[in-house]
Amino acid sequence: MTRGPKTLLRRPLAAAGLLWLVVVIACSLFPRLVTGTDPARQDLRNALRGPTPAHPLGTDRLGQDLLSRLVHGGGSTLSGVAIATGVAVLVGVTLGLAAGYLGGVADALVLRLSDVLFAVPGMILLLVVMAVFRNNVAAAMATFGVLMASGLIRVVRSATRSTREELFIAAAKVSGLSGAQILRRHLLPRLTGLVIVQTALIACISLVTQAGLAFLGFGPPPPQPSWGGMIAEARAVMTEAPWALVPPGLAVVLTVLAISLLGDAARDGSTGRWSARKLAPARSRRAAAPAPPQRPGTPGQPDPERLLSVRGLTVAIPARTARGQTDIAVVSDVSFDIGDGEVVGLIGESGCGKTVTALSVLGLVPGGGRITGGSCGFAGVDLVRASAPQWHAVRGRGIGYVAQEPSAGLDPAERAGTQLAEAVRRHTGASRAAARLRAVELLHDVGFPEPHAVARLYPHQMSGGMAQRVAIAFALAGSPRLLIADEPTTALDVTVQAEITGLLRRLAIDRRMAVLLVTHDLGVVAQTCDRAVVMYAGEVVEDCDVPTMFARPAHPYTAALLAADPHRIAEGGRLPAIAGTVPAPGDWPAGCRFADRCRYVTPACRDVPVSLRRPDPRHATRCLRTGALDTVGGRP
Amino acid sequence: MVRLVTRRLVWAVPMLFVVTFFSFVLVSLVPGDPARSVLGQLATEQQVSELRQELGLDRPILPQYLDWLGRALRGDLGHSLVTGGDVGRLMGARLAPTLSLVVLATLAAGLLGVGLGMLSAVRGGALGRLIDVLSVAGLAVPGFWLGLLFVSWFAVHWRLFPATGYTPIAESPIGWLRSLVLPVAAASLAAATAVAKQTRDAVLDVLSREYVRVFEANGLSRRSILFRHVLRNAAVPIISLLGVVCAGLLGAAVLIENIFGLPGIGSGAVVAAMQHDIPVLQGAVVSFTLIVIAVGLVVDLLQAWLDPRVRTR
C-alpha cells in the first residue's frame, strides 16, 4: 500500500496516534529500557507524592513509582486487548466469510449466532468466566473476543454476499478464473476497509473493558501493575491524592484515541479518498441580504403586469475543481414571464438548468448554490430579495410546487390526509376538523373518486400515479396562483402520464392557475402548454407559444429537439438524436453554447455571446442564424 | 403489530436457552475439578464433594443444565453458595437500582444526543466537527474513570452530590434523583456522543430527501418540517442505536454501580464473582438477558409506531 505513508503525512493526528502506539507497545515489550525503577519497590516515606524529578508521575500509597508501574502495566493490558481482538477477527472473519459464501442454512445459522452473541450481557459473562477461571485474564478476554465478533460477522457476511451476487453476473461474462479466485480478487479490497474499522473499534472496546475488569480486581494479582488496577489503587486514596487517577486514566484514553484515529486513517487509505464531508448538507443558502451584484448588461426589470417575471436570473453552485472550491454558474441570464392562468413549458435536455431555474424561483437553490444575479418578480414581490415573511406568503399560497418522484415527495411516515391537513392549516389557519374536510375535498379535486379512503393511505400504499395526484393536492392546499411542476410525469407509466397532464390542464383552467411545467417531453408540452421556454446549457434559447414552436422553431436547438421527438417519428423509422452532449457548467463556450452541435454554425456564432433577440414581440430566440433556419428548411 | 410482538417473544425463548446454556458450558470448562477450583485450595475434601453434589457437577453437562432449567422455569434460580439466600429474590431486590441507572442513562443519552445531533445537522460547521471529536472521545474515555473524576470533583471537592449510595424512589424521589445524577452522567456521556453522531447522520440523510424540499417549497413551517417530519423519519435508526446503547449500559452498570455503591445486579455480580458464587452469577446472566430481550421488544414497538411501513407489513 504505497498510499499509506502519504495518507499518514496528510493526517498529523493519525501520525501522532501511530507514534503513541509505537511508544506504548515498545514500553510494554521492554519496560526496563524505559525506567530503571522497580514498579514494586515500596518507599513509604515518599507515598502519595505528586510529580517530582525522582518520580516524574508521582507515587502511590505505598510509595511505588507511578511511571514505572504505568510502563510495566502496559504489557498485561495490551496483551488482553491483543487476545480479544485476535479472537474476534479470527471468529468474525471466518464465520462471516462462511455465511456470505455458503449462504442457505449456514448463513441463517451464523446470523442467529451473531444475534445471540450481540444480545449476551458481555460484562456479566466475563464475571462468570473470572469466577470460574480464577482471575485468568486471557480466558476472559478470549471470551470477550468471541462476543465482539458479532459485528464483524455481519459486516464481512454482507460484503461477501453482495460481492458474490455481483460476481455471479460478471462471472457469466468473463470466464477463465475460478469463482474463489474472482472472489478473492474482488472481495479482499472491499473487505479490508470494513475489517480495519471494526477491528479498531473492537480493540478500543476491549481496552476499556480490560481496564474495567482490572479495576474491579479481576486483573493480574496485586504486586503486578495494570492500568485498570492502578485506577483502583488511586480510587482508594482519591480524597487525599486525586492526582494518582490521572496517569493510568490518561494512558487508557490516549491509547484508545490512538487506535481509533489510526483505524480511521487506515480505512481511508484502503478505500481511497473517502470523506463524509463530500456529502454537503442539502440545505439551501439564500442570496445574501444585500442585493447581489448585478451583472452589467442584465436586461431590464421584471414586468409588473405579469404574474411571474424572471429577469437575468443567474445561479451558481459551489464545485470542487483542480484549483479548489469555486462557484460555477449553472444557470445564466435566464428571463421569461408567466401570465395569470398561463401554462408554460420549460423544455430542454437533462443538465440544461431547468430544475435549478424552477427551484431558484422558489428560493431553494439546490446543491448549496445561490442566486448571483438577476431578479424575479412575483405578484409585486422580488423573490431574489424576499424577506422571511414575504416567503411565508409566497410559498404554498402564491406558488405551489410538485416534484418529480411522486412517492419521494410525501412524508413516508404520515397518512396522505394528515399531510394535506397540515398544509391546509398552515395556509388557511383552519381548525383541525375543517382542515381534514378540506384535505378530502382537495383529494376529490385531483380526481380521486373515493377521497376518504385515499386520505387514510400511507405513501407506500399508493401507486406512482396516486402519489403524484396527492402531491398535486398538497401543492394546491394554499390555493396558489402559480404551480411549479418539475417533471411531474417523467417517473410514471405512459397511460398515467396522460392522466396527470390532463389533470394539470384541467386545474389550470378551473382555478385560473398558472403552471410552470418543467419537462423534456414534447408530447406533454403539446397536450398541456400554452407557451414554451426552451433552455440549453443554462440559458433560455427560445421563448414562444406552443403552436409556433412546433410550426416554426427559430432556434436550431428547438428544431433539433423536435426532429428527435419520438412521438413524431413514423413507425419503423430511425430514431434521430442530437449528436454530441450538452456542455457541462464551467465548460460553456464563449459564443453560442449550441455551436458545437449545430448544423447552421458559422464562425461568427463562436465569437461573442449571443443575446436573446426578438424577431417578433411574441417570439424570442438566442440565435444569429434564425433567418437561415427558415430558408435552409430547419423544420424536420 | 401482534405478529411483531409474537415474533420477538418467540425469538426470546431460544435466546435465553442459548445464553444460559453457554454460561453453563463455561462453568463445566473449569480445568481440573470445578468444585475444587471454586472453593480454593483451603477447602476440605468433604466440602468439595458437597459442592459438587450441590452444583450437580457429578453428572454430565446436559442433564445438569436441564435440571437447572426445569427449576428456573418454575421460578427457582437456586440459592447463593455464600449466603444461602434465594437467587430469584436477591435479583428482585437488586433490580430497581440497576433499572433506574440504565433507564435514566438511556434517556439522558437520548435527549442530549438527539438535541446535539439535530443542532449540528441544521447548523453544521464547527458544531458538526465538535461532535465528530466528541464521539471519538466518548469511545476513549472509560465511563468508570469519568465516574471517579466526577466523584472527585462534584462529590468530594464541591459536595454537590453524594459520592456513593442509593436512595429508593419510594423513600425520597429527590434523594433518588440526587443519588443517580453522577452515575447517570458518567454512564451516559459516551453514549450521548454516539447518539449525537447517529442523529446528525440520520437527520442529514432525511434533510436531503425530496419531501423536505417539497414541504419547504410549499411553505410548511421550518419547525414542523424539522421536528415533525424530519425527526420522526430519522428516529428509526436513532432508536435502533438507543437499543444498542441501552444494552451496552447494562455492561457499564456493572462498573458504575461498583463505583457509586449502588446496590444493583451488576455490583452484586462483582461480589458474587469474587466469591465464586456461581448460582448468583447465573441469576445475573438470566436477569440481564431478560432485560436485553425486553429492550429489544421496546425498540421494535417504538419503530413500528414510528414507521408505518413496519407496522402495516
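Right above here is the structure, for reference.
A quick note: this is a predicted structure, and the numbers were derived from the prediction, not measured.

1. A look at the interface of chain A and chain B
Okay, so step 1: The partner chain B presents 74 residues to the 77 residues of chain A that form the contact.
Okay, so step 2: Between chain A and chain B, a total of about 6600 Å² is buried, with carbon and sulfur atoms accounting for 72% of that surface.
Okay, so step 3: If you look at where chain A meets chain B, you find two salt bridges.
Okay, so step 4: Residue B:Arg228 pairs with A:Glu422 through a salt bridge whose shortest N-O separation is 3.4 Å.
Okay, so step 5: Contributions of two or more residues to the side of chain A that touches chain B are made by helix H5 (104-119), helix H6 (122-132), helix H8 (179-216), helix H9 (227-236), helix H10 (246-270), strand E6 (399-402), helix H13 (416-428) and helix H16 (464-476) of chain A.

2. So, a nonpolar patch on the surface
Residue and element names in this part refer to chain A.
Okay, so step 1: A grouping of Ile-25, Leu-29, Phe-30, Leu-33 and Val-34 is seen on the molecular surface, where their side chains present a nonpolar patch of about 540 Å² in accessible area.
Okay, so step 2: Elements with a minimum of two residues in the nonpolar patch: helix H2 (12-29) and helix H3 (31-34).
Okay, so step 3: Structurally, the position occupied by Ile-25 is in helix H2.

3. Here we look at the packing of aromatic side chains
Residue and element names in this part refer to chain A.
Okay, so step 1: Evaluated as defined, the whole model comprises 12 aromatic pairs over all chains.
Okay, so step 2: When the centroid spacing of 4.4 Å and the interplanar angle of 55° are considered together, the rings of Tyr-536 and Tyr-557 count as tilted. Separated by 21 residues along the polypeptide, Tyr-536 in strand E9 (residues 531-536) and Tyr-557 in helix H20 (residues 556-563) bring together distant segments of the chain.
Okay, so step 3: Aromatic pair Tyr-536 and Phe-594: ring centres 5.0 Å apart, planes at 85°, arrangement edge-to-face.

4. Comments concerning helix H17 (residues 494-510) of chain A
Residue and element names in this part refer to chain A.
Okay, so step 1: Compared with an ideal rise of 1.5 Å per residue, which puts 17 residues at 24 Å, H17 spans 24 Å between its outermost C-alpha atoms and is within 8% of the ideal.
Okay, so step 2: Residues Val-496, Gln-497, Ile-500, Thr-501, Leu-503, Leu-504, Leu-507 and Ala-508 constitute the buried set of H17. The arc that holds every buried residue of H17, seen down its axis, measures 155°, which confines them to one face. Of the residues in H17, the exposed ones pointing more than 90 degrees away from the buried face are Val-494, Thr-495, Ile-509 and Asp-510.
Okay, so step 3: Lining the buried residues of H17 we find strand E3 (343-347), helix H14 (432-445), H16, strand E7 (482-486), strand E8 (514-519) and helix H18 (522-528).
Okay, so step 4: Directly beyond the C-terminal end of H17, a positive phi value near 45° is found at Arg-512.

5. What to know about the layout of surface pockets
Vacant regions in the atomic arrangement are exposed by a probe of water-molecule size rolled over the atoms.
All names here are of chain A.
Okay, so step 1: A volume near 610 Å³ is recorded for the second largest pocket.
Okay, so step 2: Every residue lining the second largest pocket is counted, 27 residues in all, and those nearest its centre are Ser-335, Phe-336, Leu-612, Arg-614 and Arg-622.
Okay, so step 3: Across the lining of the second largest pocket, the residue classes tally to nine nonpolar, five polar and 13 charged.

6. Regarding the nonpolar core
Okay, so step 1: Counting 262 residues, the largest nonpolar core has A:Leu482 and A:Met549 as the members making the most contacts within it.
Okay, so step 2: The residue makeup of this core includes at least three contributed by each of domain 1 (2-73) and domain 2 (94-312) of chain B.
Okay, so step 3: Setting aside chain neighbours within four positions, we find A:Met549 in contact with A:Ile347, A:Leu522, A:Val525, A:Ala532, A:Val534, A:Cys544, A:Thr558 and A:Leu562.

7. Concerning the pattern of salt bridges
All names here are of chain A.
Okay, so step 1: By the definition in use, this model includes 29 salt bridges over all chains.
Okay, so step 2: Between Arg-531 and Glu-342 there is a salt bridge; the shortest N-O distance is 2.8 Å. Here the residue Arg-531 occupies a position in strand E9, and Glu-342 occupies one in the loop between strand E2 (324-338) and E3, the gap between them amounting to 189 residues. As far as the burial class goes, Arg-531 and Glu-342 line up, both buried.
Okay, so step 3: Two residues, Asp-543 and Arg-531, come together in a salt bridge whose shortest N-O distance is 2.5 Å. One end of the pair, Asp-543, is in strand E10 (residues 539-545); the other, Arg-531, is in strand E9, with 12 residues separating them in the sequence. Each member of the pair, Asp-543 together with Arg-531, is buried.
Okay, so step 4: By sharing partners, the salt bridges in this structure join Arg-306, Glu-342, Arg-531 and Asp-543 into a single network.

8. Brief notes about the pairing of strand E11 (residues 613-616) of chain A
Looking along a regular strand, one sees the side chains alternate between the two faces of the sheet.
All names here are of chain A.
Okay, so step 1: For E11 and strand E12 (residues 619-621), the ladder comprises two bridges, and the chain directions are antiparallel. Residue Arg-613 lies in a different strand from E12, and its bridge partner there is Thr-621.
Okay, so step 2: Hairpin connection, E11 to E12: the antiparallel pair is bridged by two residues.

9. As for the sheet that holds E8(A)
Residues and elements named next belong to chain A.
Okay, so step 1: An order of E6-E7-E8-E3-E9-E10-E12-E11 is seen for the eight strands of this open sheet, with the pairing classed as mixed. Edge positions in the open sheet fall to E6 and E11, since each of these has one partner strand only. Averaged over all pairs of adjacent strands, the angle between strand axes in this sheet comes to 20°, irrespective of strand direction.
Okay, so step 2: Bridging between E9 and E10 involves six bridges; their strand directions are antiparallel. Among the inter-strand pairings, Arg-531 is bridged to a residue of E10, identified as Asp-545.
Okay, so step 3: Of the strands in this sheet, E6 and E7 are in contact with H16, which crosses E6 at around 165°.

Rules and cut-offs
Residues numbered from 1 in each chain as written. Chains lettered and ligands numbered in written order. Predicted model: local features only at pLDDT ≥ 70, side-chain atom pairs only at ≥ 80, totals over all residues. Heavy atoms only, no water. Contact = heavy atoms within 4.5 Å. Buried area = accessible area lost by both parts, 1.4 Å probe. Salt bridge = Lys/Arg side-chain N within 4 Å of Asp/Glu carboxyl O. Helix = DSSP H or I, 4+ residues; strand = E, 2+ residues; numbered from the N terminus. Patch = residues over 30% accessible without salt bridge, like charges linked within 9 Å, V, L, I, M, F, W, Y side chains within 5 Å. Areas by Shrake-Rupley, 256 points an atom, 1.4 Å probe, with all protein chains shown as cover. Phe/Tyr/Trp six-rings, centres within 6.5 Å; stacked < 30°, edge-to-face > 60°. Expected span 1.5 Å × (residues − 1). Buried < 20%, exposed > 50% of the residue type's maximum accessible area, 1.4 Å probe, protein only. Arc of directions from axis to C-beta. 1 Å grid on protein atoms, 1.4 Å probe; cavity = no way out; pocket = protein on both sides within 12 Å on 5 of 7 lines; lining within 4 Å. Points joined across faces, edges and corners; volume = space filled by probe spheres on them. Nonpolar A, V, L, I, M, F, W, Y, C, P; charged D, E, K, R; others polar. Core = buried A, V, L, I, M, F, W, Y, C linked by side-chain atoms within 4.5 Å. Domains from an automatic or database assignment. Pairing = 2+ DSSP bridges. Axes fitted to C-alpha atoms, helices over the stretch in contact; angles between N-to-C directions.

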